[in-house]
Structure formats: C-alpha cells, structure tokens
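Spelled out from the first residue to the last, the chains are:
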Amino acid sequence: MHTTEPRPMSARRSDALSGRARVPGDKSISHRALMFGGLAAGETRITGLLEGEDVLRTGEAMKAMGATIEKRGDEWIATGTGNGALLEPEAPLDFGNAGTGVRLTMGLVGSYDMTTRFIGDASLSKRPMGRVLDPLKEMGLQVLSAEPGDRLPITLRGPKHAAPISYRVPMPSAQVKSAVLLAALNTPGVTTVIEPVATRDHTEKMLAGFGAALEVETDAEGARHIRIEGQPKLIGQTIAVPADPSSAAFPLVAALIVPGSDVVIESMLMNPTRTGLVTTLMEMGADIEILERRNEGGEDVADLRVRGSELKGVTVPEDRAPSMIDEYPVLAVAASFAEGDTLMQGLEELRVKESDRLSAVAEGLKANGVDCEEGEASLRVTGRPGGKGLGGGTVKTHLDHRIAMSFLVMGLATEKPVTIDDQTMIATSFPDFTALMTRLGAMLD
Ligand code: S3P
C-alpha cells in the first residue's frame, strides 16, 4: 500500500504473448455497485466486483454510514440503509488513492444533515475537490474545513433541507455529474445535470436500474440533460460487473506491440462511453477482432482477439477524450512503437488525475528514448517501430497505477528493459496485473 516502501519492477523484451485473459471488474461500476447497494433497501448481490483497494475503500465508507457489506463465496452482498437513511460516520472516511470514491461520496452525503470528514493519500490530497463542492454548495452544503485549493482533508456539513438545482458541468467529468445526481437522491424535487460532452454513463444507467426516475435528453447542440426526481425509493439489485476496459487496455496494447502475439481478452465492457481506445488503436492499424458481442446485466460486452500489429501514427480527435480519458498513458506507449507521429489533444483533464499524467507520461517516454513533445493540453509522440534503441530508463510513477502499468507494458517490446520506481499502487485497480501478464508470457521482475 501507499504507506509501505516503494517496490520497483522491471519489464523486459518478451517473446510473443498468447492465451486468454479475463481482467478484473470495471472500477467505475464496482464503486457504484457498492455505493448504491449500500444505500438501497434490501440486498444487492454483486458478482465480478473489482477487489482493488480503491473499491474496497468505498465499501468501508458505506459500512461506516450504516450499510452491511460482506463477501459470501464469489458474491458480494450489500444490505443498504434505505435511501435517505445514511448515518453520520463516527471517524473520517479514508479514501486512499481513490478519486471516484471520494468525489461520489461527497455528493452522496452532500445533501444529508450530518458532518463528514474526508481524508486520502498524498496523491488524492493534491487533487482538486472544488469541482464537486461548487454545485453541492448551491444545494446547501457547507464546507467546514479544507486545505487551500479545496484539497483534502475536507470536512463537510450538509443542509437540513437540500435544494434541487440545474447544473451545467463545466468540464467533461463523470465524477462531477455523478456527485450532483447522488446529492439529488436526498433532495426534494427535480435536479438537472447538463453535460455538454457525454462522459461515462454508469451512474445514470445503474440508478435507473435501482428504481430512480431519471430522464435523459440530448439537445440540438448535443448536450445531455439528465433530470432526476429526488428522494426515490431505491431497491437492491443483482449486478454482474463486466471486465474493465481501462484494465484490459494493458494486455491489449502489450499484445499489439509484442510481435507475433495472439491474445483473447474476455467479456470486456463495450459501453461506447468507454471504448475510445479500441477505436483509436483500430485507426492505427491494430489487428483487433471483436467477437461474441452480447448483453450481460444491461451492459454490452465482447471478447477481443488481439494480434501483434504494425501500427501507424494518427491524430486522435479531441472529442474522443472522455471515452478514453484513462487510456492516454497506454496509448502513448502504443504510439511509441508506431510508424510516424501520434497527436493527442484536449488533454487538460490528464493534469488532475492520480498524478499529472501528461507530464508523467512525457517524462517516462523521454527517460526511455522516445521522441515526444508535451504541450499545455497535448502530446505528440514520434514512434519507433520495433522499439529499436528504446528503453533503459527508470520511470517515476508518482503514486499512479496507470503510469506504472503503462510503462511495464512498454518494457515488453523495447530493446532495453524499462524500470518503474514503484509497483505498489497497481493494487488500487488491478491487483492481479503481474500474475495475469506473466501468464500471457510477459517478462516482469
Ligand atoms: C470516473 C470518471 C473519470 C475517470 C475515473 C473514473 C468515474 O474521472 O478518469 O477513473 O468512475 O466516474 P473524471 O470524472 O474526473 O473525468
């Protein structure tokens, strides 16, 4: 964990990867499954939950507010408090590294007449929380204390009676959208969230499944208007969490860049708000076959057959960013092996992730001999097919799991090994990463 000593790890040039891989459950859906299950009346049964540190923190927070959450066999069972009936937690809620956990929970408690204190690790304590506090303040929330720049630790006090609002989300953020929708659950009347650019829609889909009255309309400019009726009765559900496309991205890119590879990724979530990376890689010439598209538990999933490919650089359309926002680090790795330049734009949100991902990626690439140019909100990567002359550097991961995994993937195809300064944060989202990659043939040590 983040409090322990850093543990470096290296990746070496590997022979062709092969086999089938089922990556863990989707992180976004897993957080929401525990939150909504912990809130809804009766039992919610969850299979395929991501048992990563981030998600388990959300489970602990819900327990601290009155829910019962336990694992029985392969299933997680949440027994909720009933909507509107969360209890004031006795101790601070510690969200570790988890931005989604803390921001969504701020929304959830933001309309309760109670005091809640939020803490997190060094990475989470650097991230801006004003983006969720601003709309919640309009609903009546008081910020009792916060570090400069609206950073953790933060203590919140909700109003006696929250006020419904109409809120236009100023940046493309599913976390901000979700925080307002969750605050609406304990607010009388109709709350409206307007998002000019569509972001992942798991909150809307899942809340509707739990029984909330929610309408979504797209206007002439393409903005989504989400209206939710306050104080719904939420009832426990059965949820099968599909495999996380943001985790699948690592074996997927690894199979593309290691020549001769042939890997099948099973049951990956194909929700269009999450598949921007697959679209982009296909435009780069990636050999990805989408097999067995099907619907499982309300979400589209598919198996993906991925083979080693000669990639070409592309310009990634800016408006695709929300559907692949967590995948830019590993796309930059794929681009390092492509013929020509890959240009990624509209990346301002990368600066406020678990690390400043734009500069962490650019520094990591440079440390390993990749030609790249970091702009204010853009990145240009000049690839070197075959990875000739690349590698040999050590990458600073800045407590960021996706930086760690991206550069380990890179080292599987560079001439010289790539080392990362710390692998411990990988457990926040993909605890089984090393074992799964090793089974496919990756040389990690
Ligand atoms: C998430 C939303 C995204 C994403 C994060 C998960 C979610 O964050 O980067 O990993 O589950 O709602 P933003 O809302 O900051 O874009």
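Residues numbered from 1 in each chain as written. Predicted model: local features only at pLDDT ≥ 70, side-chain atom pairs only at ≥ 80, totals over all residues. Heavy atoms only, no water.

Visitor: Just to check I follow, could you spell out the overall build of the protein chain for this structure?
Guide: Scanning the protein chain for helices and strands turns up 12 helices and 24 strands. By the compact-globule yardstick of 22 Å for 445 residues, the protein chain fits well, its C-alpha radius of gyration being 21 Å. If you line up the protein chain on its principal axes, its C-alpha atoms span 65 × 50 × 45 Å. The buried share of the protein chain, reckoned over its 445 residues, is 59%. Look at the contacts in the protein chain between residues 6 or more apart in sequence, and 76% of them connect residues 24 or more apart. Of the roughly 16000 Å² that the protein chain leaves accessible, carbon and sulfur atoms contribute 48%. (Helix = DSSP H or I, 4+ residues; strand = E, 2+ residues; numbered from the N terminus. Rg over C-alpha atoms; globule rule 2.2 N^0.38 Å. Buried < 20%, exposed > 50% of the residue type's maximum accessible area, 1.4 Å probe, protein only. Contact = heavy atoms within 4.5 Å. Areas by Shrake-Rupley, 256 points an atom, 1.4 Å probe, with all protein chains shown as cover.)

Visitor: What should I look at first to understand helix 10 (residues 357–367) in this one?
Guide: Given 3.6 residues per helical turn, the α-helix brings residues three or four places apart onto the same face. Counted residue by residue, helix 10 has eight buried out of 11 residues, so it is predominantly covered. Those residues of helix 10 that sit buried are R357, L358, S359, A360, V361, A362, G364 and L365. Against helix 9 (328–335), strand 20 (371–374), strand 21 (379–382), strand 22 (394–395) and helix 11 (401–410) lie the buried residues of helix 10. Capping the start of helix 10, D356 holds a side-chain oxygen 3.2 Å from the backbone nitrogen of L358, two or three residues further along. In the segment just after helix 10, G369 is the residue with positive phi, at about 80 degrees. (Polar contact = N/O pair within 3.5 Å; in protein donor to acceptor, adjacent residues only side chain to side chain.)

Visitor: Can you walk me through the packing of helix 9 against helix 11 in this structure?
Guide: When two helices pack together, their arrangement is given by the angle between their axes and by how far apart the axes lie. It is at 9 Å that the axes of helix 9 and helix 11 come closest, and there the two elements cross at 15 degrees. What the angle tells us is that helix 9 and helix 11 run roughly parallel. Our pair here, helix 9 against helix 11, has a crossing hand that is right-handed. Counting all contacts with helix 9, which are made through P329, V330 and V333, the residues of helix 11 involved are R402, I403, S406, V409 and M410. Broken down by class, the residue content of the contact of helix 9 with helix 11 amounts to six nonpolar, one polar and one charged. (Axes fitted to C-alpha atoms, helices over the stretch in contact; angles between N-to-C directions. Parallel < 35°, antiparallel > 145°, perpendicular 65-115°, else oblique. Left-handed = near helix turned anticlockwise from the far one by under 90°. Nonpolar A, V, L, I, M, F, W, Y, C, P; charged D, E, K, R; others polar.)

Visitor: What is the right way to look at the sheet that holds strand 11 (residues 190–195) in this model?
Guide: Strand pairing in a sheet relies on backbone hydrogen bonds. The paired strands run either parallel or antiparallel. Spatial strand order, 10-11-13-12: four strands in an open sheet with mixed pairing. Looking along the sheet, the strands with just one partner apiece sit at the ends: strand 10 (166–168) and strand 12 (214–218). Put simply, the sheet's adjacent strands are angled 15 degrees from each other on average, direction ignored. Pairing geometry for strand 12 and strand 13 (residues 224–229), over five bridges, is antiparallel. Of the residues in strand 13, the one forming a bridge with E215 is R227. (Pairing = 2+ DSSP bridges.)

Visitor: Sorry if this is basic, but what is going on with the side chain of E204 here?
Guide: Examined against the element boundaries, E204 turns out to sit in helix 6 (residues 202–210). For E204, a relative accessible area of 3% puts it in the buried group. Contacts of E204, omitting those with residues within four sequence positions, involve K177, L181, E195, L214, R224 and I226.

Visitor: Where do I start with the environment of G96 in this structure?
Guide: Mapping G96 onto the fold places it in the loop between strand 6 (93–94) and helix 3 (99–110). C-alpha of G96 to C-alpha of M405: the two residues are 309 residues apart in sequence and 19 Å apart in space.

Visitor: How should the sheet that holds strand 18 (residues 315–316) be read in this particular structure?
Guide: Spatial strand order, 18-19-21-20: four strands in an open sheet with mixed pairing. The sheet terminates laterally at strand 18 and strand 20, the two strands that pair on one side only. In this structure, strand 20 lies alongside strand 21, joined through four bridges in antiparallel fashion. Considered in strand 21, the bridge of E373 is made with R380. Contacts from helix 9 reach strand 18, strand 19 (341–344) and strand 21 within the one sheet, and its direction differs from that of strand 19 by about 165 degrees.

Visitor: What am I meant to see in helix 3 here?
Guide: End to end, helix 3 covers 16 Å across 12 residues, agreeing with the expected 16 Å (1.5 Å per residue, within 8%). The element helix 3 is extensively covered by neighbouring structure, given that 12 of its 12 residues are classed as buried. The set of residues buried in helix 3 consists of G99, T100, G101, V102, R103, L104, T105, M106, G107, L108, V109 and G110. (Expected span 1.5 Å × (residues − 1).)

Visitor: Is there a simple way to think about the site of the ligand in this case?
Guide: Residues in close proximity to the ligand include S28, R32, T100, R131, P172, S173, A174, Q175, R200, I325, D326 and K353, which together make up its full environment. Within the contact set of the ligand, an oxygen atom lies 2.7 Å away from a side-chain nitrogen or oxygen of S173. For the ligand, the protein covers 94% of the area, taking 390 Å² as the surface of the free molecule. Among the detected pockets, the ligand sits in the largest pocket. When contributions to the shell around the ligand are tallied by element, the ones reaching two or more residues are helix 1 (27–39) and helix 5 (174–184). Taken together, the residues of the shell around the ligand break down into three nonpolar, four polar and five charged. Taken domain by domain, the makeup of the shell around the ligand includes at least three residues from each of domain 1 (9–25 + 242–444) and domain 2 (27–240). (Near = heavy atom within 4 Å. 1 Å grid on protein atoms, 1.4 Å probe; cavity = no way out; pocket = protein on both sides within 12 Å on 5 of 7 lines; lining within 4 Å. Sits in = over half its atoms within 2 Å of the grid points. Domains from an automatic or database assignment.)

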